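Chain residues, written in single-letter form:
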Amino acid sequence: MLDSTDSYVTEDGRTIGGVVMEMKNITLRFGGVVAIKDISFDIREGEIRAIIGPNGAGKSSMLNVISGFYVPQDGEVLFHGKPRPQMKPYEVAQQGIARTFQNIALFEGMTVLDNVMTGRLNKMNSGLLAQAIWRGKAEQEEIENREKAEKIIDFLEIQHIRKTPVARLPYGLKKRVELARALVSEPSILLLDEPMAGMNVEEKEDMSRFILDVNDEFGTTIALIEHDMGVVMDLSDRVVVMDYGKKIGDGTPSDIRNNQAVIDAYLGVAHD
Amino acid sequence: MTQTSEGVNGLTSVPALLQRNAAEFGDKAAYREKELGIWQNWTWSEAADEIDALALGLLTLGVAEGDFIAIIGRNRPYLYWAMVAVQSVGAVPVPLYSDASADEMAYVLDHCGARFVIAADQEQVDKVTDVQGGLSQFEQMIYLDPRGLRKYDHANLHQFSKVQDAGRAALSELMPELNRRREALNYDSTCVMLYTSGTTGKPKGVVLSNRNIIETSRHSSEFDSLSAGEDILAYLPMAWVGDFIFSLGQAYWTGFCVNCPESVDTMMTDLREIGPTYYFAPPRVFETQLTTVMIRMEDASPMKKRMFDYFMAHAKKVGPAILDGETVSGLDKLKYKLGDLLVYGPLKNTLGFSRVRIGYTAGEAIGPEIFDFYRSLGINLKQLYGQTEASVFITQQPDGQVRSDTVGVPSPGVELKIAENGEVFYRSEGTFVEYYKNAESTADTKDPEGWVATGDAGFIEEGTGHLRIIDRAKDVANMSDGALFAPKYVENKLKFYPNILEAVVFGAGKDRCTAFINIDLTAVGNWAERNNIAYASYQELAGHPRVLETIQEHVETVNKSVAEDPMLSGCQIHRFLVLHKQLDADDGELTRTQKVRRKIIGEKFEDLVNALYNGSPEIYTETEVTYEDGRKGEISATLEIRDAAVVPVTASKIAAE
């Protein structure tokens, strides 16, 4: 068993570091409904960590706990070894956590470039007045941020839609734009909520390649929720499996593939 | 053949032209490329420095004179530099199609025995790595974009910029050698080797000398009085001879600027931003642009639509005449000016054609409506006829003598003759040296006197001296009753409809003609949307009864027009079907330059061809398709076969011929 500070090298040559985030005995309730029941797992630096499970297993709730949007009634989230206090969304972003959403949450009327630029908002320090007259620091900041945005646009190969309003884009591209907006804030942890939902095979392949490239190129730690088992098994280093709010498996893709509890949950057995 | 002096002012190689340009136009832009949303600029002297650095770097890697170096990637300044750097060290650049599959690349790399490969990115590196086991002469690879390649084994893999750095570091040591090699180049040394796409069989390596390229560039630049002030957009495959002539030959001869798009998908935006003055596009591009314009006009407000229709009708009437400098009444001229202000100008600006002084199209026949549309807007679009073996130019249209049904008069320095069977022959200083390692094919194509068979049948029009091409010589055949069968002639008429992307006509040795049709997804898809026709796939749309009805109308109109030509009236289409898949180069149905491979299609879809002739109303078929990543799959469909009305042809008419 690895210690929380140990690091190791994967088969494909990536270095996975120590634990950056640890979920300890998390329980989340909405009134009488228990969405997450006593779940513990950790996320290591530089790894791709998947959370899978059937519909209603509590995956999205779990992601919301990780992102700090939901505060669990029991248990605690340790970030870099320290308990994390309740935070506002911008404070989460400032900690270097970015996310995408299951049902795309972009500004539909704005162009791709403007949408991506919003991801840089919390990196801008110049005042309202400076930005309005666009002098000095504001101008310099805008240029720096635009360069960052352009690098991500180049990285995700969306140059051709740079000036296109998001509303006019097909679904697969919108997903990519959302990823761009998350990436441009230079997160250390990236949370992806069903990045491949509703995509065709080709779009899924593109998205998988981008996720791997992001992890490889920027060393970003990625936690993702996904339905498509094939994708999850190919992409991730470790997988957490949830069913009815409980953790029923945790390990490498091959461990999970041979886990009886997981097979039962996916193929279905009679619940007593 | 006329022998000219050995190069003008001793400029007998492309590297020599580069040095002249660096001296003469040192501060003028030579290359531009959009990067991270901003146009980057390199002057001729900067380009010369970059090329020298790379050439020196190639020396440090041990490139020998006479080596073949493959260059694979989309149009980027760095890769153009690579070509000239390779030439500078006495090696031969071999640009390859970047969308070629690994197997296709393996054939070419093996055939030319490339020791080095310069690849654009991870995708190309992967392809070469996949096949390098079978390549005995392959040694090292240079890549341009490091993304995704950091963890690759770098024993035989070098980053482009690092090679340049190594070259710069070895400047004092290796410069004498570079100069020696550069000076050893002469008019007869090989400038480039280009592989022909090969409508038949394996690709052949066409060896072109400095004489071929420079003389052709000189003649063609003078023909259109190209100057150092031109801007072109380099977006066509680097492996294609046209791009080599336009973006390298002519650019180096005249010293104009080559602009490279940001990515393949941004070409249209980049075109608009650059506003080239000299522009080449195959008919397909012009067709697509026109289709886009028409689709967008359908969605425009009624006022705009009426304005567009009104002024376009006027442009059709007087536009070409104004462009050719003919006299037009004052009122018409005034109206055209107003139209230019309100419609033509903004439209040209949207298309990126505001500054186009000379535009060319070639490769396939262009529809008269499409051709006239652009000319009526005041865009000087002309046709040329050429091939790789001729360093492009065989014939081209001079200003003021432009028509859609001819390909123009012989280019300067080109002689033409028509053989008895109608095949067109030419000879010129652009005529290729040989097919590499293929003396047999060379002898078949080029006779001892230097005449080259084009493989196309055509005739020279009396009076004007313009060449008209009918079809590929080997495709022109007879039907069972002896009537002339020229499939391309009919296919082109069909393809002029925006709804029809591709057509393949059968009928050689048969009693009547039949056809496969490919619908154009953009045009038909938009039509379906406007008519509330739901469809889930290409296949479903292609088989929709209302689509079939529309296509049938087109076929019948074409039949009427074909019937008017007594020689070709037998080529009317009796039965047709709409294919369930788009013909694709990945499936071997088209060449990489998007030309139909008639024979392969006939064999692959034999069941469908049989069904066209045996009278069955529909046929079930299964077809293997290749996905972009090389995996194969299968699709199946039941296709409806329709009969089209034909205009009766009297026997006496045929006899009279």
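Residues numbered from 1 in each chain as written. Chains lettered and ligands numbered in written order. Predicted model: local features only at pLDDT ≥ 70, side-chain atom pairs only at ≥ 80, totals over all residues.

A. Expanded view of the overall build of chain B. In terms of regular secondary structure, chain B is built from 22 helices and 28 strands. Against the globule reference of 26 Å for 657 residues, chain B gives a C-alpha radius of gyration of 26 Å, in line with a compact fold. Within chain B, the proportion of its 657 residues that are buried is 47%. Relative to all contacts within chain B whose residues are 6 or more apart in sequence, the contacts with residues 24 or more apart total 65%. (Helix = DSSP H or I, 4+ residues; strand = E, 2+ residues; numbered from the N terminus. Rg over C-alpha atoms; globule rule 2.2 N^0.38 Å. Buried ≥ 20, exposed ≤ 12 C-beta atoms within 10 Å, placed from the backbone. Contact = placed C-beta atoms within 7 Å.)

B. Looking closely at the overall build of chain A. Secondary structure assignment for chain A yields ten helices and twelve strands. Over its C-alpha trace chain A gives a radius of gyration of 19 Å, about what one expects of a compact globule, namely 19 Å for 272 residues. When the 272 residues of chain A are sorted by exposure, 37% land in the buried category. Pairs at least 24 residues apart make up 68% of the contacts formed inside chain A by residues separated by at least 6 positions.

C. Representation of the sheet that holds strand β4 (residues 33–44) of chain A within the structure. Residue and element names in this part refer to chain A. Read from one edge of the open sheet, four strands run β4-β3-β6-β7, paired in antiparallel fashion. The open sheet has two edge strands with one neighbour each: β4 and β7 (82–83). Where strand β3 (residues 19–30) lies against strand β6 (residues 74–79), five bridges are found, and the strand directions are antiparallel. Bridged to E22 within β6 is L78. (Pairing = 2+ DSSP bridges.)

D. Highlighting the interface of chain B and chain A. In this assembly, nine residues from chain B lie in contact with eleven residues from chain A. Here the residues of the side of chain B that touches chain A are counted per class, giving one nonpolar, four polar and four charged. (Nonpolar A, V, L, I, M, F, W, Y, C, P; charged D, E, K, R; others polar.)

E. Highlighting the sheet that holds strand β9 (residues 205–209) of chain B. Residues and elements named next belong to chain B. Strand order across the open sheet formed by three strands is β8-β9-β19, with antiparallel pairing between neighbours. The sheet is open, and its two borders are formed by β8 (190–195) and β19 (434–435), each paired with just one other strand. Where β9 lies against β19, two bridges are found, and the strand directions are antiparallel. Residue pairing for β19: V207 is matched across the bridge by E434. Contacts from helix α8 (residues 210–223) reach β8 and β9 within the one sheet, and its direction differs from that of β9 by about 65°. (Axes fitted to C-alpha atoms, helices over the stretch in contact; angles between N-to-C directions.)

F. Summary view of the packing of helix α12 (residues 302–323) of chain B against helix α14 (residues 368–376) of chain B. Residue and element names in this part refer to chain B. Relative to each other, α12 and α14 sit at 70°, their axes nearing to 8 Å. By the angle between their directions, the pair α12 and α14 is classed as roughly perpendicular. You can see that α12 and α14 cross each other, and the crossing is left-handed. Packed against α12, whose contacting residues are A315, K316, G319, P320 and L323, the element α14 presents D372, R375 and S376 at the interface. (Parallel < 35°, antiparallel > 145°, perpendicular 65-115°, else oblique. Left-handed = near helix turned anticlockwise from the far one by under 90°.)

G. Layout of unusual backbone geometry. For E157 of chain A, which is not glycine, the phi dihedral falls at a positive 55°. Relative to the elements of secondary structure, E157 of chain A occurs in the loop between α5 (137–155) and α6 (171–184). A positive phi angle, near 55°, is found at S391 of chain B, a position not held by glycine. As for its position among the elements, S391 of chain B is in the loop between β14 (381–387) and β15 (392–396).

H. Broad picture of the pairing of strand β10 (residues 221–225) of chain A. Residue and element names in this part refer to chain A. Most of β10 sits inside the fold, with five of its five residues counted as buried. Side chains T221, A223 and I225 project from β10 onto one buried face, and the interleaved I222 and L224 project onto a second face that is buried too. Relative to β10, strand β5 (residues 48–52) runs parallel, the two being bridged by four bridges. Counted as the bridge partner of R49 is A223 from β10. As paired elements, strand β9 (residues 189–193) and β10 share five bridges and run parallel to each other. Residue pairing for β10: L190 is matched across the bridge by I222.

I. Up close: the confidence of the model for chain A. The share of residues in chain A with pLDDT of 70 or more is 98%, and the mean pLDDT across the chain is 88. Mean pLDDT values over the elements of chain A span from 78, in helix α4 (residues 128–133) of chain A, up to 95, in helix α3 (residues 112–118) of chain A. (pLDDT = per-residue confidence, 0-100.)

J. Molecular detail of the nonpolar core. Core analysis: the largest hydrophobic core is formed by 136 residues, its most contacted members being I69 and I71 of chain B. Residue contributions to this core peak at ten residues, all from helix α2 (residues 44–60) of chain B. Mapped onto the domain boundaries, this core takes at least three residues apiece from domain 1 (15–30 + 44–219) and domain 2 (283–471) of chain B. If you look at the next biggest cluster of nonpolar residues, it comprises 62 residues, including I153, L190, M196 and V262 of chain A. (Core = buried A, V, L, I, M, F, W, Y, C linked by C-beta atoms within 7 Å. Domains from an automatic or database assignment.)

K. Spotlight on the domain arrangement of chain A. Residues and elements named next belong to chain A. When its domains are assigned, chain A resolves into domain 1 (1–96 + 187–272) and domain 2 (107–185). When each unit is reduced to the centre of its C-alpha atoms, the spacing between domain 1 and domain 2 is 27 Å. Counting from both sides, the interface comprises twelve residues of domain 1 and, opposite them, nine residues of domain 2. Counting only elements with at least two residues in the side of domain 1 that touches domain 2, the list comes to α2 (89–94) and α7 (201–218). Examining the composition of the side of domain 1 that touches domain 2, we find that four residues originate from one element, α7, more than from any other.

L. Representation of the pairing of β9 of chain B in the model. Residue and element names in this part refer to chain B. For β9, a buried count of four out of five residues is recorded, marking the element as mostly surrounded by other parts of the structure. In this structure, β8 lies alongside β9, joined through five bridges in antiparallel fashion. Bridge pairing in β9 links M193 to V207.

M. Representation of the domain arrangement of chain B within the structure. Residue and element names in this part refer to chain B. Taken domain by domain, chain B consists of domain 1 (15–30 + 44–219), domain 2 (283–471) and domain 3 (477–656). One C-alpha centre belongs to domain 2, the other to domain 3; they are set 26 Å apart. Where the side of domain 2 that touches domain 3 is concerned, the elements lending two or more residues are α11 (283–298) and β21 (467–472). Of all the elements, α11 adds the most residues to the side of domain 2 that touches domain 3, at five residues.

N. Structural context of the environment of G58 of chain A. All names here are of chain A. Looking at the secondary structure, you find G58 in the loop between β5 and α1 (59–66). Residues G58 and I36, spaced 22 residues apart in sequence, show a C-alpha to C-alpha distance of 6.1 Å. When sequence neighbours within four positions are dropped, the list of residues in contact with G58 reads A35, I36, M242 and G245.

O. Expanded view of the environment of N122 of chain A. Residue and element names in this part refer to chain A. With respect to the helices, strands and loops of the structure, N122 is situated in the loop between α3 and α4. Taking the C-alpha atoms as reference points, N122 and E226, separated by 104 residues in sequence, lie 28 Å from one another. Setting aside anything within four residues of it in sequence, one finds N122 in contact with Y90, A93, Q94 and S185.

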